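Analysis of the macromolecular model
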Amino acid sequence: MPLSYKKVDSTVMNKMNKVQVLSIIHDRKTISRADIVKITGLTPPTVSRIVEQLINHDCLVKYTGVGDSNGGRPPVMVSFNGDENYVIEIDLGATLIRGVLSDLNNNMLMEMQVPTLLEKGYESIIDDVVNIVERLLNKRGLNRVKVLGVGIGIAGLVNLKKGMIDFSPDFGWEAVNIQNSLKQRINLPFFFDNSTRLMALGELNYGLGKNYGNFVVINMGYGIASGIVVDGKTVFGFQGKAGEFGHIIVDPNSNVKCKCGAYGCLEALASGRRIAVLGKELFERKKSQKLAKLCKNDPNLIDAKLIFEAARSGDKDANEILETVTNYLGIGIASLVNLLDPEVIFMGGGVSSNGDIFFEPLIKAIQKYLISRNRILDIKPVTFADYATLIGAFSLVVNKIIRFESLR
Ligand SMILES: [Zn+2]
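Read on for a plain summary of the structure. (Residues numbered from 1 in each chain as written. Predicted model: local features only at pLDDT ≥ 70, side-chain atom pairs only at ≥ 80, totals over all residues. Heavy atoms only, no water.)

A short note on the overall build of the protein
Helices and strands together make up the secondary structure of the protein, namely 13 helices and 16 strands. Seen through its C-alpha atoms, the protein measures out along the principal axes to roughly 80 × 50 × 45 Å. When the 408 residues of the protein are sorted by exposure, 52% land in the buried category. Residue pairs in contact within the protein that sit at least 24 positions apart in sequence constitute 59% of those at least 6 positions apart. Within the structure as shown, the protein displays about 19,600 Å² of accessible surface, and the carbon and sulfur contribution to it stands at 52%. (Helix = DSSP H or I, 4+ residues; strand = E, 2+ residues; numbered from the N terminus. Buried < 20%, exposed > 50% of the residue type's maximum accessible area, 1.4 Å probe, protein only. Contact = heavy atoms within 4.5 Å. Areas by Shrake-Rupley, 256 points an atom, 1.4 Å probe, with all protein chains shown as cover.)

Structure (structure tokens):
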């Protein structure tokens, strides 16, 4: 075997061993070196060497004294050094840019947000993202060496192969090279992904999703998107664009145009934005007095929340709007269930926080279109509500750190 092959092999092997040891320490929080030897099957000197590196070079592990002895020498305990390392998470949405500084134990230490100024365009929004990162660092007076990465969730078609956002109807962006834009401005390792896939990743690693290997997160707010987990892994597809649930066609004869350019997309017919439009039309037809009262006769104040409120107070027309919308959603979600057979569906986003008035007609509609008619479908809200994407962004960076893709 040529010498260079041998060298590559041993380097790869070392890294694999190191990743394995760090993952175990991360998952167990505190563990003895002897137990790491037992779990990994590595030799005691190899484990000692890796642990030394993780403590003195990478600063990701620390000694935490000695454990209980069962007769022999008390074991040396080590733990994940989560409170001396940091991660920054960004949720880049069409309404708000939110930023959070966390330690590696997933304790949120600081949070800030600015409105997304869509009219100012791409470059200005990227500047705002970088400004939030800097402000989080400065406010806490942190040495940037201690920040192991920035995770960013973006609403749009993220092409992970090219580091591009191919298309984002929410932002009106097409073919923007976000990898390059951030590289020029952020002096820290950074990683990004679609915001709803990150919701699914956060759910899988830190939320109720831990208990399931197969689930879908549906994000229903201004638009509609999904993050899919199959057999314990988030689904990316060929270029990283899997999960565009909002753009499946649920009515090919519809004359409602979607922001993507097609007609009859689920997002065009069933998002929070659509509920608001249907509410405004209802107001124009002067059909609902309850709605008129709720919006104080100003149609500009009609949003999805107000329609839910009108429906809750018994307004027949508002309830009809919800029935129309949940029927389209039912078609979409039943198709997902028929296709992927998930154990549970997690719903996130503003619209899904409306409780029974939303979920009851929705479950009925889904059941109508399921191939297994008697299947009981489990639908739950996402574990972290408004923080779902941010927890996912945290999870993205932690995964990279544990695999040593993020360390400088
Ligand atoms: Zn569409």
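Examining empty space enclosed by the protein
Applying the stated criterion to the full structure yields one cavity of 30 Å³ or more. In this model, the largest cavity occupies a volume close to 50 Å³. Every residue lining the largest cavity is listed: Gly-156, Leu-157, Val-158, Asn-194, Arg-197, Ala-225, Ser-226, Gly-240, Lys-241, Ala-242, Gly-243 and Glu-244. If you list the elements that add at least two residues to the lining of the largest cavity, you get β8 (157-159) and β13 (224-230). Here the lining of the largest cavity is composed, by residue class, of four nonpolar, five polar and three charged. Split by domain, the residues of the lining of the largest cavity number at least three in each of domain 2 (84-203 + 388-402) and domain 3 (208-382). (1 Å grid on protein atoms, 1.4 Å probe; cavity = no way out; pocket = protein on both sides within 12 Å on 5 of 7 lines; lining within 4 Å. Points joined across faces, edges and corners; volume = space filled by probe spheres on them. Nonpolar A, V, L, I, M, F, W, Y, C, P; charged D, E, K, R; others polar. Domains from an automatic or database assignment.)

Focus on the pairing of strand β9 (residues 164-168)
As a general feature of sheets, a regular strand has side chains that alternate between the two faces. Of the strand pairs in this sheet, β8 and β9 are connected by three bridges, and their pairing is antiparallel. Across the sheet, residue Val-158 finds its bridge partner in β9, namely Ile-165. Once β8 ends, the chain turns through four residues before running back antiparallel as β9, passing Gly-163 with a positive phi of about 70 degrees. Bridging between β9 and strand β10 (residues 173-176) involves three bridges; their strand directions are antiparallel. Pairing of Ile-165 across the sheet is with Val-176, part of β10. (Pairing = 2+ DSSP bridges.)

What to know about the pairing of strand β4 (residues 86-92)
Across the seven residues that make up β4, a large majority, seven, are buried. Residues Tyr-86, Ile-88, Ile-90 and Leu-92 line one face of β4 and the alternating positions Val-87, Glu-89 and Asp-91 line the opposite face, and both faces are buried. As paired elements, β4 and strand β5 (residues 96-103) share seven bridges and run antiparallel to each other. The partner of Val-87 across the bridge, within β5, is Ser-102. The hairpin formed by β4 and β5 contains three residues between the paired strands. In terms of strand pairing, β4 meets strand β7 (residues 147-154) through seven bridges, oriented parallel. Bridge assignment links Ile-88 to a residue of β7, and that residue is Val-150.

Looking at the packing of aromatic side chains
Per the counting criterion, the structure on display carries eight aromatic pairs. Between Tyr-212 and Phe-346, the ring centres sit 6.2 Å apart and the planes meet at 75 degrees, which makes this aromatic pair edge-to-face. Of the two residues, Tyr-212 is situated in the loop between α6 (195-206) and β12 (215-220) and Phe-346 in strand β15 (residues 344-348); the sequence distance between them amounts to 134 residues. Pair check on accessibility: Tyr-212 and Phe-346 agree, each one buried. For the ring pair Phe-308 and Phe-358, a centre distance of 6.1 Å and an interplane angle of 75 degrees mean the geometry is edge-to-face. Of this pair, Phe-308 sits in helix α10 (residues 304-312) while Phe-358 sits in helix α12 (residues 356-369); the two residues are 50 residues apart in sequence, bridging distant segments of the chain. Both residues of the pair, Phe-308 and Phe-358, belong to the buried class. (Phe/Tyr/Trp six-rings, centres within 6.5 Å; stacked < 30°, edge-to-face > 60°.)

Considering the sheet that holds β9
Here three strands make up an open sheet; going across it, the order is β8-β9-β10 and the pairing antiparallel. With one partner strand each, in any of the chains shown, β8 and β10 form the two edges of the open sheet. The mean inter-strand angle of the sheet, taken between neighbouring strand axes irrespective of direction, is 20 degrees. (Axes fitted to C-alpha atoms, helices over the stretch in contact; angles between N-to-C directions.)

Some points on the sheet that holds strand β3 (residues 76-80)
Spatial strand order, β1-β3-β2: three strands in an open sheet with antiparallel pairing. Looking along the sheet, the strands with just one partner apiece sit at the ends: β1 (30-32) and β2 (61-66). Put simply, the sheet's adjacent strands are angled 35 degrees from each other on average, direction ignored. Taken together, the four bridges between β2 and β3 define a ladder with antiparallel strand orientation. Directly across from Val-66, in β3, lies its bridge partner Val-76.

A closer look at the coordination of the zinc ion
The protein atoms that coordinate the zinc ion are His-247 (ND1), Cys-258 (SG), Cys-260 (SG) and Cys-265 (SG), at distances spanning 2.0 to 2.3 Å. Considering all four donor atoms around the zinc ion, angles at the metal cover 104 to 124 degrees and the coordination shape is tetrahedral. If you list the donors of the zinc ion from N- to C-terminus, the spacing comes out as H-x10-C-x1-C-x4-C. (Donors = N, O, S within 2.8 Å, 3.2 Å for Na, K, Ca; no water. Tetrahedral: all angles 85-135°; square planar, octahedral: opposite > 155°, others 65-115°.)

Section: the nonpolar core
One finds Ile-218, Ile-275, Leu-329, Ile-333, Ile-345, Met-347 and Phe-358 to be the most contacted residues of the largest nonpolar core, which totals 49 residues. No other element matches helix α11 (residues 316-340), which puts ten residues into this core. In contact with Ile-333, not counting residues within four places along its chain, are Ile-218, Phe-245, Ile-345, Met-347, Leu-362, Ile-366 and Leu-377. Listed in part, the 35 residues of the second largest apolar core include Ile-90, Val-133, Leu-136 and Ile-165. (Core = buried A, V, L, I, M, F, W, Y, C linked by side-chain atoms within 4.5 Å.)

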